[in-house]
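# A structural walkthrough
Here is what each chain is made of, one letter per residue.
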Amino acid sequence: MTAVPGAVDREALRARYRIERDKRIRPDGNDQYREPTGRFAHFLDDPYVERQERSPVRKEVTVAVIGGGFAGLATGAHLRQAGIDDLVLIEGGGDVGGAWYWNRYPGAMCDTAAMVYLPLLEETGHVPTMKYTFAPEIFAHAQRIAQHFDLYRGALLSTQVEKVTWDDGTARWIVVTNRGDEIRARFVTMGTGPLHRPKLPGIPGIETFAGECFHTSRWGYGITGGDPSGAPMVRLAGKRVGIIGTGATAVQCIPHLARDSGELFVFQRTPSSIDVRGNHAIDPTWFATLPPGWQREWLRNFCTLQTGGFADEDLVMDGWTDISQRIRDRVVALVDEGAPLGQETMRLAYEDSDDEKMCEIRARVRSVVEDPATAAALEPWYRQLCKRPCFHDEYLQAYNRPTCHLVDTDGRGVDLIDETGVWVAGTHYELDCLIFASGFEVGTDYARRAGFETVGRAGETLSEHWAEGMRSLHGIHVHGFPNAFIVGFAQGGNLVSNVTHNLVEAATTIAAVIGHAQAIGAVEVEATAEAEAAWIDLLQSSERGFLGNPDCTPGYYNNEGRVLGPKERLGMTGHPGGPLAYFDHIDRWRSGGTFDGVSFGRRD
Ligand code: NDP
């Protein structure tokens, strides 16, 4: 076991964490961000395909699968495996892939190991090239799933759903789109994505900037040159480029911008924690030796270790499992020393392990970044899981280039933007190009993020049903919305370190429920009000499932540092026993054949 950082003055560390957090707390919380409207409305356009006019489609299907990201793809794949031939996939982007269709910025990659992140590897036969794969390979894998499971057949791409309405008379969902389509579906699945609506910082004067600008989720290769594979962005040569934001996206694209820009100015409000990446190629010969069922085993292993459980070996071995393993080892050591196995010991173990980890992360910054003032500004002063942890082996190094300038705003953010550039603390930074790496909407209403309203039985909308917060059974079924299924992770496993694991579980469950309904000739499948209420009671019975800690530096993990109200808590919660407990529960539930809490109705 690694020793507890004896030299750490815990009180001083906590005090520093509080000072840094307080600098960043803003009264406007989530309202500090603005939507890309007005002159920024085109930030939501699809730059990758030409819009093709087509005739409206009117048809009847068994399942309408809304969303062509990994949620929809996994659902479609499992439905196909359950023998459902008659489905239509509807997607706003010009192709499948979801986040990996939209995010094509240079250096984009997944922070979760490909062996567990890429769904359906065994089924599609794909061998990931690297431990952590880059975005083009992930996008290609999404296309592979669509091809393998024949999901392109009849798919409506570049098509935004506008409304989904339950027609009680015919027991059908009517899905209306911006192309004038009207799809009547017995079942509808909604995998609309958690983080996909770009948001902009509400910096005064933002709309006055006269140079080139774009949001990272629609990278302007026409402005920069280069391509998603990381080819040189030749149009940035000699240009003064600014980037606002230093989250997971910025960390990945900044090394490329630093390489290709004449001068790069990185406007930082809070530094990310940058742990070691350690990427390497995957040996196909080794891969071929994996036994059937290996991916399920790897998924469980990663989930177990990442959430503090015990396993004989660490199959993935990365920064996500490392912190949990440290906590686990520390608990064992404390118990060996006579501490009782309980909440207080767990808390101590967590704090010790986190202090140790963050000391290492700060030391890494100092050892990599040559300029001491820049290094100091890049040191993160908060617990690792307060913000999305980042892993990179070229990000910190980028600041050693003489043309890469960190403009640290000491927690305040950019003060002002004008026609020619950005102001911070009285200094004006003249820019030719400004890139917003300012993230995506989190915690706004489901219908707003999905882009459509769902109208259930008796005309009740999902927004009305969730006016006081999300309510569901298992994060999937909603009372009053028969034959509709959510494909997500909230109120389910809520495993944020490997989102696709949640999606595959949801897809498997949905396919089992629809398959059962078909087998017994049920017309309506609906969570009972009692089952939904009991599930919400279970979720609220413990603090464990909630993300968010008010002591943390603000960010989207904790409602921007504001106290979580009941509504926010419901949207950020998972099973109180943790992700693995949920996955075990849902596996038993769908395999048991009785589907307790869901009624299967016939109409004779
Ligand atoms: P984030 O929301 O994580 O980051 C937004 C950045 O903008 C933050 O650094 C924020 O600062 C900064 N910012 C906001 N307003 C201002 C302002 N007024 N002045 C200066 N800076 C400002 O967005 P990302 O796109 O980086 O990441 C979103 C999520 O997408 C990630 O957390 C992750 O879940 C996912 N992602 C996953 C990847 C993967 O590997 N799988 C890769 C990339 C993204 P502050 O921190 O102070 O709020």
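Residues numbered from 1 in each chain as written. Predicted model: local features only at pLDDT ≥ 70, side-chain atom pairs only at ≥ 80, totals over all residues. Heavy atoms only, no water.

This part takes up the state of the cysteines. Tallying each qualifying case throughout the model produces one disulfide. Free cysteine: Cys390, not disulfide-bonded; nearest cysteine sulfur from Cys253 at 11 Å. Not part of a disulfide, Cys433 finds its nearest cysteine sulfur in Cys213, a span of 7.9 Å. (Disulfide = S-S within 2.5 Å.)

Attention now goes to the site of the ligand. Contacts to the ligand come from 26 residues, most closely from Asp111, Thr249, Thr270, Lys387 and Tyr556. Within the backbone of Val414, one N or O atom sits 3.2 Å away from a nitrogen atom of the ligand. At a separation of 3.4 Å, an oxygen atom of the ligand approaches a polar backbone atom of Ala437. For the ligand, the accessible surface in isolation is 920 Å², of which the surrounding protein chains cover 90%. With three residues, helix α8 (residues 248–260) is the largest single contributor of residues to the shell around the ligand. Among the residues making up the shell around the ligand, the classes are represented as 13 nonpolar, nine polar and four charged. For the shell around the ligand, the two domains that each supply at least three residues are domain 1 (5–40 + 200–277 + 354–436) and domain 2 (58–197 + 442–593). (Near = heavy atom within 4 Å. Polar contact = N/O pair within 3.5 Å; in protein donor to acceptor, adjacent residues only side chain to side chain. Areas by Shrake-Rupley, 256 points an atom, 1.4 Å probe, with all protein chains shown as cover. Helix = DSSP H or I, 4+ residues; strand = E, 2+ residues; numbered from the N terminus. Nonpolar A, V, L, I, M, F, W, Y, C, P; charged D, E, K, R; others polar. Domains from an automatic or database assignment.)

Okay, the side chain of Asn498 next. Looking at where Asn498 falls in the secondary structure, it is placed in the loop between β19 (484–486) and α17 (499–520). Leaving out residues up to four positions away in the same chain, Asn498 has contacts with Thr112, Val116, Tyr117, Leu299 and Phe302. (Contact = heavy atoms within 4.5 Å.)

Its domain assignment divides the chain into domain 1 (5–40 + 200–277 + 354–436), domain 2 (58–197 + 442–593) and domain 3 (293–351). Computed over C-alpha atoms, the centres of domain 1 and domain 2 are 31 Å apart. The partner domain 2 presents 28 residues to the 32 residues of domain 1 that form the contact. With both sides pooled, the region where domain 1 packs onto domain 2 buries about 2,800 Å², and carbon together with sulfur makes up 50% of that total. One salt bridge connects Arg277 with Asp111, and the closest N-O pair in it is separated by 3.0 Å. Our count for the contact surface shared by domain 1 and domain 2 stands at eight residue pairs in polar contact (both at pLDDT 80 or more). Residue assignment for the side of domain 1 that touches domain 2 shows that the elements contributing at least two residues are α1 (10–24), α8 and β12 (390–391). (Buried area = accessible area lost by both parts, 1.4 Å probe. Salt bridge = Lys/Arg side-chain N within 4 Å of Asp/Glu carboxyl O.)

Let us now look at empty space enclosed by the protein. Taken as a whole and assessed by the stated rule, the structure comprises four cavities of 30 Å³ or more. Considered as a void within the structure, the largest cavity measures approximately 70 Å³ in volume. Contributing to the lining of the largest cavity are 14 residues, with His474, Gly488, Phe489, Gly492 and Tyr582 lying nearest its centre. If you list the elements that add at least two residues to the lining of the largest cavity, you get α17 and α20 (579–592). Among the elements that line the lining of the largest cavity, the one with the most residues is α17, at three residues. Each residue belonging to the lining of the largest cavity can be placed in one class, and the counts come to seven nonpolar, six polar and one charged. One number sums up the size of the second largest cavity: a volume of about 50 Å³. Lining of the second largest cavity is provided by Gln268, Pro271, Ser272, Ser273, Ile274, Ile361, Val365, Leu378, Pro380, Tyr395 and Leu396. For the lining of the second largest cavity, the secondary structure elements donating two or more residues are α12 (343–368) and α14 (395–398). A breakdown of the residues in the lining of the second largest cavity according to their chemical character gives eight nonpolar, three polar and no charged. (1 Å grid on protein atoms, 1.4 Å probe; cavity = no way out; pocket = protein on both sides within 12 Å on 5 of 7 lines; lining within 4 Å. Points joined across faces, edges and corners; volume = space filled by probe spheres on them.)

In space, the three strands of this open sheet follow the order β14-β15-β16, with antiparallel pairing throughout. Each edge of the open sheet carries a strand with a single partner, namely β14 (416–418) and β16 (427–430). Direction aside, neighbouring strands of the sheet carry axes that sit 25° apart on average. Here strand β15 (residues 421–424) pairs with β16 via four bridges, running antiparallel. The residue bridging Val422 from the neighbouring strand is Tyr429, located in β16. (Pairing = 2+ DSSP bridges. Axes fitted to C-alpha atoms, helices over the stretch in contact; angles between N-to-C directions.)

Turning next to the packing of helix α2 (residues 70–81) against α17. α17 packs onto α2 with a crossing angle of 35° between their chain directions and a minimal axis gap of 8 Å. Remark: the crossing between α2 and α17 carries right-handed chirality. Two secondary-structure elements touch here, α2 through Phe70, Ala71, Ala74, Thr75, His78 and Leu79 and α17 through Thr500, Leu503, Val504, Ala507, Thr508, Ile510, Ala511 and Ile514. Across the contact of α2 with α17, the residue classes break down as 10 nonpolar, four polar and no charged. (Left-handed = near helix turned anticlockwise from the far one by under 90°.)

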